Amino acid sequence: MADPPQTARIGRDPDAFEDFYRQHVDAISRFVARRVDDPYLAADLTVEVFVAAIEAARKPITIRGSAIGWLYGVARNVMAAERRRQVREQRAVRRLAGHAMVGEDDAARLTEKIDAEAHARALYLAMDGLSDAERAVLELVALDGLAVQEAAEVLGIRPAAARKRLQRARQRVQVRLPSSLALSEVFS
């Protein structure tokens, strides 16, 4: 059986923790060193084991076996959490590996495209209040560049219905566009 008073006290008594730490730090650092090859990570994980031990000792627990055995159990939990973190990190790195960093030339081209599409973004904001039918015609004509006849074909409606929806959509959108932007600028 572990020494329950010593283990229970480490969560409350700094002197008891210091004694406990000095007694077991070498064993725990070896435990961690057998599992990781980065000295900085090994030092961090050793500290994490003792922080987790303090937190666990503050709770009412029954320890079976020796204090070092209990501490190894805490260390195993810390190591398992570290492995899970590494797996998540590796997944994230793999997902990002296909995305090349944006260079200066790419950023300049993207900025040009963003600037060129400013009218379209303003139009999308102004279109928020439109019905789905009005929005569909307006998008096809104003943003995608289709003729009204072609938009009607895409939507499966008569050209007269498409013209009427487009007229209503333009009227509603003009009211919502910023005053600095005329609807004629958006459709040009």
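Residues numbered from 1 in each chain as written. Predicted model: local features only at pLDDT ≥ 70, side-chain atom pairs only at ≥ 80, totals over all residues. Heavy atoms only, no water.

A. The arrangement of the overall build of the protein chain in detail. From N to C terminus, the protein chain includes 10 helices and 0 strands. Walking the protein chain from its N terminus toward its C terminus, one meets helices and strands in the order α-α-α-α-α-α-α-α-α-α. Buried positions account for 30% of the 188 residues belonging to the protein chain. A separation of at least 24 residues holds for 57% of the contacts in the protein chain among residues at least 6 apart in sequence. Accessible surface for the protein chain amounts to roughly 12,600 Å². Of this, 52% is attributable to carbon and sulfur atoms. (Helix = DSSP H or I, 4+ residues; strand = E, 2+ residues; numbered from the N terminus. Buried < 20%, exposed > 50% of the residue type's maximum accessible area, 1.4 Å probe, protein only. Contact = heavy atoms within 4.5 Å. Areas by Shrake-Rupley, 256 points an atom, 1.4 Å probe, with all protein chains shown as cover.)

B. Quick peek at a negative patch on the surface. On the surface, D37, D38, D44 and E48 cluster together into a negatively charged patch. One can find D44 in helix α3 (residues 39-57). (Patch = residues over 30% accessible without salt bridge, like charges linked within 9 Å, V, L, I, M, F, W, Y side chains within 5 Å. Salt bridge = Lys/Arg side-chain N within 4 Å of Asp/Glu carboxyl O. Lys, Arg positive; Asp, Glu negative; His and termini not counted. Charge placed at Lys NZ, Arg CZ, Asp CG, Glu CD.)

C. Molecular detail of the packing of helix α8 (residues 148-155) against helix α9 (residues 159-176). The contact between α8 and α9 brings their axes to 8 Å, and the two run at 105 degrees. On the basis of the axis angle, α8 is roughly perpendicular to α9. Contacts from V148, Q149 and A152 in α8 reach P159, A162, R163 and L166 in α9. Looking at the contact of α8 with α9, its residues break down into 5 nonpolar, 1 polar and 1 charged. (Axes fitted to C-alpha atoms, helices over the stretch in contact; angles between N-to-C directions. Parallel < 35°, antiparallel > 145°, perpendicular 65-115°, else oblique. Nonpolar A, V, L, I, M, F, W, Y, C, P; charged D, E, K, R; others polar.)

D. Summary view of the pattern of salt bridges. Inspection of the entire model under this criterion finds 6 salt bridges. One salt bridge in this structure joins R85 and E89, with 2.7 Å as the shortest N-O distance. Of the two residues, R85 and E89 both sit in helix α4 (residues 67-97), 4 residues apart, roughly one turn of that helix. A relative accessible area of 32% means that R85 is categorised as partly exposed. The network of salt bridges with common partners includes E82, R85 and E89.

E. Quick look at the packing of helix α7 (residues 132-143) against α9. It is the contact of α7 with α9, at a shortest axis distance of 8 Å, that shows an interaxial angle of 90 degrees. Compared by their axis directions, α7 and α9 come out roughly perpendicular. Contacts between α7 and α9 pair A133, E134, V137, L138 and V141 from the former with A162, R165, L166, R168, A169, R170, R172 and V173 from the latter. Looking at the contact of α7 with α9 residue by residue, the classes come out as 8 nonpolar, no polar and 5 charged.

F. View of the packing of aromatic side chains. By the definition in use, this model includes 5 aromatic pairs. Ring centres of Y21 and F50 lie 4.7 Å apart, and the angle between their planes is 65 degrees; on these two criteria the pair is classed as edge-to-face. With Y21 in helix α2 (residues 14-33) and F50 in helix α3, this residue pair connects regions lying 29 residues apart in the sequence. Judged by its relative accessible area of 2%, F50 is buried. Of the aromatic side chains, those joined through ring pairs into one cluster are F17, Y21 and F50. The ring centre of F31 lies 3.7 Å from the NZ or CZ of R35, which sits over that ring. (Phe/Tyr/Trp six-rings, centres within 6.5 Å; stacked < 30°, edge-to-face > 60°. Lys NZ or Arg CZ within 6 Å of the ring centre and 35° of its normal.)

G. Highlighting a positive patch on the surface. A cluster of basic residues, R30, R34, R35, R76, R83, R84, R88, R91, R94 and R95, forms a positive patch on the protein surface. The biggest single contributor to the positive patch is α4, with 7 residues. What makes R83 partly exposed here is its relative accessible area of 45%.

H. The arrangement of the nonpolar core in detail. Among the nonpolar cores identified, the biggest contains 23 residues, and V32, W70 and L71 are the most heavily contacted of them. Excluding its chain neighbours within four sequence positions, the residues that come into contact with V32 are A42, L45, T46 and M79. Judged by nonpolar contacts, the second largest core, of 18 residues, contains A122, A142, I157 and A169. (Core = buried A, V, L, I, M, F, W, Y, C linked by side-chain atoms within 4.5 Å.)

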